[in-house]
Amino acid sequence: MRKILGLATLVVASACGGANAQQVTVKVGVLSDMSSLYSDIGGAGSVAAAKLAIADFTKANPNVKVELISGDHQNKPDIGLQLANQWYDVEKVDLIIDTPNSGVALAVSQTSNAKNKVFVVSGAAASDLTGPKCNANTVHWTYDTWMLANGTGKALVKTGGDTWFFLTSDYAFGHALERDTMAAVEKNGGKVLGKVRHPLNTNDFSSFLLQAQASKAKIIGLANAGGDTINAIKAGAEFGIVKGGQKFAGLLVFASDVNALGLQTAQGLTLTETWYWDMNDANRAWTKRWQAERGAPGKFPTMVQAGVYSGLTHYLKSVVALKSATDGKAVVAQMKKTPTDDALFGKGSIRVDGRKLHPAYLLEVKAPSESKYPGDFYKLRATIPADEAFRPLKDGNCPMATG
Amino acid sequence: MFEILGIPSSALFGQLLIGLINGSFYALLSLGLAVIFGMLNIINFSHGAQYMLGAFAAYLLLQYSGLGYWPALVIAPLLVGATGVIVERLFLQWLYKLDHLYGLLLTFGLALIIEGVARNYFGSAGLPYIVPESLQGGRNLGFMFLPNYRAWVIVASLTICISTWFVIERTRLGAYLRAATENPTLVRAFGINVPRMITLTYGFGVALAAFAGVMAAPIYNVSPQMGSELIIVVFAVVVIGGMGSILGAIVTGFGLGVIEGMTKVFFPEASNTVIFVIMAIVLLVRPAGLFGRRG
Amino acid sequence: MEQRLSDPAADPHALQRSTLRGNAESIGFAIMVAALVVTPFFTYPLFLMQAMCFALFACAFNLLIGYVGLLSFGHALYFGWASYLSAYAAKAWGFTPELAILTGTATAALCGLVAGLLAIRRQGIYFAMITLALAQMMYFFALQAKFTGGEDGIQAVPRGHLFGVIDLRNEAAMYVVVLVIFLAGFLFIHRVVNSPFGEVLKAIRENETRAISLGYRTDRYKLIAFVLSATLAGVAGATKAIVLQLASLTDVNWPMSGEVVLMTLVGGLGTIFGPVVGSFVILVMQFKLAAMGEWVLVIQGVIFVACVLLFRRGVIGEIANWLRIRL
């Protein structure tokens, strides 16, 4: 049985609280999707990650008291916005973190700005958060659409995948992924042979796949997400797309999606992530603790959940440096000033537009025969350095970057 | 090779066949709805959730008792059908004397519960299920590569649809069923246990949904929300066909699958709305649906 | 015979008590207004404003199901599209809030007219399925249309100045505006229901064939009721977009259609106050459940089932029945 803390507050008080006169109190809210589409990539797993971050941080800094609350925006921007407002005004929350679903994230970002609090985004993908809609109170941590598109597009072209066919989910999100990937592919000398725009929540992809097959493109780019990506890859395995020499490139695929496909079906799929649990010893050790905290030994943390840990840790560091969490803009400025360094994402930095910079990894899903233990999903194909992984500052049109 | 509207005819044959496969699911689901509607006068809103339960049952059978696709194809519908029987006894039987819309509301509530529980226990991303070994691979038909599993889908779906139609329209049991919908009192007078017949019919309709779910498991994403999106399209299929006849449900199911498949080639952006547009047109021309009786 | 979906007429003394009934409704109305005037001082005004928008939405929906007996399972269409157009008009065209709300409302009315023309061709379950299917179609249009911003929605909608004068960024001013809109909508529905037109609607609900035989062109009445309902749902959606300063896919997707049914069902179908109470109950619940996360969907489902099996009259309906009055 999974337990959600909810509005019942968890007080992670240090045992020797009060010993130090300069006690800092911070209240953190994990606003995520607990019950709907994104509950696997964020949700209760994000709450667990936040708890670990708080435990680790207060152990090293006993004079800091961190309270944690969590809430479910149910994928509804109005509920997310109402919760955020109430948290800021009534519950006196200083930081909201995670928040998958770009609609909710953009709304919360504005409120955080208006009320001068801090918002660290891990779950949402919209690159607009550090683009035209950037503000001085928001930090975008784990990933964004531009980085996924560019990372996958560029790295694949460089390793020989130079002809592409796109299956694009026909709405703003899919169009953005397609546009950014196309740009990366063409800039690096690749060619786009064709594309087809399919409606959201399409069940049967075989018709589109036959068109992709006929194009003879080496790479079939999936500019879609969730169920659509899974359906496309399932149909692809059945129609022998991968056996026929074509490869799928997932432009927004999480470990939970790979798990849903099974390696048998997903093998050969290429995708980009900024964090993978099995990448190094630190990640593996953290994953064990996360599984214990989450009460789910068979589950593996996603990059979004790791991002919550990492982002919260850096936030707490900055609050301690300022000895206060009250002025959100000052905290974010401090976060941008200090280089980031934590067990999961290593060393990195936050840019003036709020973009957290770290390397990204091009990964390929293993065949069942190569996978030695549960969760052994990927082999590393390429590492994209931090300065190339994200959208250049000048291309983002963030008002804070220009003046 | 000749071309139609810029598409080679061979590709078009392929797409036609794919549309037919897709239509198999519409046909199976709308058939189940039609059977339930015919007997209980209830639109079973939880049909999508029960379709999802079928797929989940297949997964669980494989995971926990090592039973593969073929046993699941029989056991899963039986299990889910049994839950249908319980649902009918516990809830639905109290609603027959009320406005039919209460049945719709109740089954809608059930759908939410089933989907919510599934999401709590299995997460939202979905579960893996692969094509059974005996049906892997495929054959080249000249104009397209046809995976064996897809061929099986058409065959199985057609078999189930036609046998259901045969039982209901051409056998004595079917005659009782049809008579009981028209005049339950009279049928009861012949010594037939009408309430039990109703219960079993609901169970059968639900089992049909679960059967479709097992069929879908190897090729579509097995997730808690797999049914709720599909069911609305199936509703439109049902409105187009009209609930008048079993045959109507089957023919419209396959037919609309083909039309949707064609749209995916010529105008993919509209492939999800085309069925709704057809529904609007049919309502203007034949309000009772293509095969329906006015009512 | 069959119990109709809404069954206030089950009380045989209803007519004799018409004066009492008038009083009960007045008292109920006074309590509601007093509550809405006082509560913002104690709770979160933004939440109340949102709740009033949903209450109006549910009242509009109730006009159709409670008084004509037509179950629309696609009311998100009018609510959601009105909120998109209102948000877009305010943001992209720089309309003042009252014009933006009017734009949204007009959109909803137009959608209601087209959908109504199609849907009233069938009754009962078919009607529900048709409205649902049409709403799903329009959801896909909203998803694919550029101006709606897909999953991002339309964000940062300016509240603007009412009539170019009153600054609605002031929370109190906004509250008053929403309150006035809500009460006007509520009273309008009350007026419609108790007019001769409303009596014909109820006659259609009870027995459409008889209404036809009495010489009423029932299709026309049903269509007008449908358009009215859609329009008022539009007012609610359009206002909500201005209040919350955003329009999103949530409002136009099918679970929203289900939610409004739930609100009305919980409050009491065919009661004047039921939808208001129901929408507040459901919203408070959703808000509190935000903490319980994973169980939201299940609990909503359980409420649906419980209402259908045990409390078909809903909260207000049960109270009214207990007090033997009409609310």
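Above this text is the structure in question.
Within any chain, residue numbers begin from 1 and follow the written order of that chain's sequence. Here chains are named by letter from A upward and ligands by number from 1 upward, in the order in which they appear as written. Local features in this predicted model are restricted to residues whose pLDDT is 70 or higher, and side-chain atom pairs enter the listing and the counts only when it is 80 or higher, whereas totals over whole chains, interfaces and linings include all residues.

S.K.: Even after reading the chapter, I still don't get the overall build of chain C, so can you show me in this structure?
M.R.: For chain C, the count of helices and strands is 13 helices and two strands. Principal-axis analysis of the C-alpha atoms places the extent of chain C at approximately 55 × 45 × 40 Å. Using C-beta atoms placed from the backbone, we call a residue buried if 20 or more other C-beta atoms fall within 10 Å of its own, exposed if 12 or fewer do, and partly exposed for counts in between. Burial statistics for chain C: of 327 residues in total, 58% are counted as buried. Residues are scored as being in contact if the C-beta atoms we place from backbone atoms lie within 7 Å. Restricting the contact set of chain C to residue pairs at least 6 apart, pairs at least 24 apart contribute 78%. Helix numbering and strand numbering both begin at the N terminus, where a helix is a DSSP run of H or I of at least 4 residues and a strand a DSSP run of E of at least 2.

S.K.: Looking at this structure, how should I read the overall build of chain B?
M.R.: When helices and strands are tallied, chain B shows 11 helices and four strands. In terms of C-alpha radius of gyration, chain B reaches 19 Å, essentially the compact-globule figure of 19 Å for 295 residues. Among the 295 residues that make up chain B, the fraction classed as buried is 57%. Within chain B, contacts between residues separated by at least 24 positions form 75% of all contacts whose residues are at least 6 apart in sequence. With C-alpha atoms as the basis for the radius of gyration, the globule rule is written as 2.2 Å multiplied by the number of residues raised to the power 0.38.

S.K.: Would you mind showing me how to read the interface of chain B and chain C here?
M.R.: Quite often, the size of an interface is put as the accessible area lost when its parts meet. Facing the 34 residues of chain B at the interface are 36 residues of chain C. Residue contributions to the side of chain B that touches chain C peak at 15 residues, all from helix α4 (residues 100–122) of chain B. Gly is placed with the polar residues, together with every amino acid not listed as nonpolar (Ala, Val, Leu, Ile, Met, Phe, Trp, Tyr, Cys and Pro) or charged (Asp, Glu, Lys and Arg). Grouping the amino acids of the side of chain B that touches chain C by side-chain chemistry returns 24 nonpolar, six polar and four charged.

S.K.: When you look at the interface of chain A and chain B in this model, what are you seeing that I'm missing?
M.R.: Contacts between chain A and chain B engage 35 residues on the former and 32 residues on the latter. Of all the secondary structure elements, the ones that give two or more residues to the side of chain A that touches chain B are β8 (191–198), α6 (206–214), α7 (226–238), α8 (255–261) and α9 (263–266) of chain A. Top element by residues in the side of chain A that touches chain B is α7(A). It accounts for six residues. Residues that form the side of chain A that touches chain B fall into these classes: 11 nonpolar, 17 polar and seven charged.

S.K.: Please clarify how unusual backbone geometry should be interpreted in this entry.
M.R.: Trans peptide bonds make up most of the peptide bonds, and negative phi angles are found at most residues other than glycine. We note that Lys323(A) has phi near 60 degrees; this positive angle belongs to a residue other than glycine. Locating Lys323(A) in the fold gives a position in the loop between α11 (303–322) and α12 (328–337). The phi dihedral of Arg324(C) is positive, around 55 degrees, even though this residue is not glycine. Structurally, Arg324(C) is set in the segment after α13 (314–323).

S.K.: I tried to follow the sheet that holds strand β13 (residues 346–350) of chain A on my own but got confused; where do I start?
M.R.: Sheets are built from strands paired through backbone hydrogen bonds, the pairs being either parallel or antiparallel. Residue and element names in this part refer to chain A. DSSP-based pairing: two strands are paired if at least 2 bridges between them are found. Here we have three strands laid out as an open sheet, ordered β12-β13-β14, and antiparallel in their pairing. Edge strands, defined here as strands with exactly one partner in the open sheet, are β12 (340–342) and β14 (356–357). Of the strand pairs in this sheet, β13 and β14 are connected by two bridges, and their pairing is antiparallel. Residue pairing across strands places Ser349 opposite Leu357, the latter belonging to β14.

S.K.: Whenever I open this one, the packing of helix α2 (residues 77–89) of chain A against helix α2 (residues 45–67) of chain C confuses me. Can you help?
M.R.: Describing two packed helices takes the angle between their axes plus the distance from one axis to the other. A fitted line through C-alpha atoms serves as each axis, taken over the contacting stretch for helices, and the angle formed by two N-to-C directions is quoted from 0 to 180°. Direction vectors running N to C along α2(A) and α2(C) enclose 155 degrees, while the axes themselves pass 10 Å from each other. On the basis of their axis angle, the class for α2(A) and α2(C) is roughly antiparallel. Judged by the twist between their axes, the crossing of α2(A) over α2(C) is left-handed. Across the interface between the two elements, Asp78(A), Gln82(A) and Asn85(A) of α2(A) pack against Leu46(C), Phe47(C) and Gln50(C) of α2(C). Taken together, the residues of the contact of α2(A) with α2(C) sort by class into two nonpolar, three polar and one charged. Oblique is the label for any angle not covered by the other classes, which are roughly parallel (under 35 degrees), roughly antiparallel (over 145) and roughly perpendicular (65 to 115). For a crossing to be left-handed, the near helix must be turned anticlockwise from the far one by less than a right angle; the clockwise case is right-handed.

S.K.: Help me understand the sheet that holds strand β15 (residues 360–365) of chain A, please; the structure alone is not making it clear to me.
M.R.: Residue and element names in this part refer to chain A. The strand order β8-β7-β9-β10-β11-β15-β16 describes an open sheet built from seven strands, whose pairing is mixed. Each edge of the sheet is formed by a strand with only one pairing partner; in this case those strands are β8 and β16 (378–384). The sheet shows a mean angle of 25 degrees between the axes of neighbouring strands, direction not considered. Bridge analysis of strand β9 (residues 219–223) against strand β10 (residues 247–250) gives four bridges, and the strand direction is parallel. Paired with Ile219 across the bridge in β10 is Lys247. Helix-sheet contacts for helix α5 (residues 172–187) involve β7 (163–169), β8 and β9, and the interaxial angle to β7 is about 170 degrees.

S.K.: Honestly, the environment of Trp152(B) in this entry has me stumped. Any pointers?
M.R.: Checked against the element boundaries, Trp152(B) lands in helix α5 (residues 148–170). Along the primary structure Trp152(B) and Met215(B) are separated by 63 residues, whereas in three dimensions their C-alpha atoms are 9.3 Å apart.

S.K.: Any chance you could explain the environment of Gly42(A) here in plain terms?
M.R.: Residues and elements named next belong to chain A. Mapped onto the elements of the fold, Gly42 is located in the loop between β2 (24–32) and α1 (43–60). With 29 C-beta atoms counted inside 10 Å, the residue Gly42 sits in the buried group. Separated by 261 residues in sequence, Gly42 and Met303 have C-alpha atoms that sit 9.1 Å apart. With sequence-adjacent residues up to four places away left out, Gly42 is seen in contact with Ser32, Asp33, Asp98, Pro100, Gly123, Val304 and Gln305.

S.K.: Before we go on, may I ask you to explain the pairing of β8(A) in this structure?
M.R.: Two faces belong to every sheet, and in a regular strand the side chains alternate between them. Residue and element names in this part refer to chain A. Bridge count for β7 against β8 is seven bridges, and the pairing is parallel. Bridging across to β8, Ser169 finds its partner in His198. With α5 bridging β7 and its parallel neighbour β8, the resulting β-α-β unit is right-handed. When the strands point away from the viewer, a crossover counts as right-handed if the path from the first strand over the helix to the second runs clockwise.

S.K.: Just to check I follow, could you spell out the nonpolar core for this structure?
M.R.: Side chains that are nonpolar tend, in soluble globular proteins, to be buried together. Core analysis: the largest hydrophobic core is formed by 353 residues, its most contacted members being Leu56(C) and Ala133(C). The element that contributes the greatest number of residues to this core is α2(C), accounting for 18 residues. Boundaries of every domain are those given by an automatic assignment or by a domain database. Counting the residues that make up this core, at least three belong to each of domain 1 (10–143 + 280–357) and domain 2 (146–273 + 359–388) of chain A. In contact with Leu56(C), not counting residues within four places along its chain, are Phe182(C), Gly185(C), Phe186(C), Leu232(C), Val235(C) and Ala236(C). Definition of nonpolar core: a set of buried Ala, Val, Leu, Ile, Met, Phe, Trp, Tyr and Cys residues joined via C-beta atoms within 7 Å.

S.K.: I tried to follow α4(B) on my own but got confused; where do I start?
M.R.: Residue pairs three or four apart in sequence face the same way in an α-helix, which turns once every 3.6 residues. Residues and elements named next belong to chain B. Here, expected helix span is obtained from the residue count minus one, scaled by 1.5 Å. Helix length check: α4, at 23 residues, gives a terminal C-alpha distance of 33 Å against a target of 33 Å (1.5 Å per residue), a fit within 8%. Extensive coverage of α4 is indicated by the burial of 19 of its 23 residues. Looking at the residues trailing α4, positive phi occurs at Gly123, about 75 degrees.

S.K.: What exactly am I supposed to notice about α5(A) here?
M.R.: Residues and elements named next belong to chain A. For α5, built from 16 residues, the straight-helix expectation of 22 Å at 1.5 Å per residue is met to within 8% by its first-to-last C-alpha distance of 22 Å. For α5, the set of buried residues is Ala172, Phe173, Gly174, Ala176, Leu177, Glu178, Asp180, Thr181, Met182, Ala184 and Val185. For α5, the secondary structure elements touched by its buried residues are α4 (145–158), β7, β8 and β9. Positive backbone phi, at 90 degrees, marks Gly189, one or two positions downstream of α5.

S.K.: Where do I start with the environment of Tyr84(C) in this structure?
M.R.: Residue and element names in this part refer to chain C. Mapped onto the secondary structure, Tyr84 falls in helix α3 (residues 76–91). Along the sequence, Tyr84 and Val252 sit 168 residues apart, while their C-alpha atoms lie 9.0 Å from each other. Residues contacting Tyr84, with those up to four places away along its chain left out, are Ala142, Thr148, Ile154 and Ala247.

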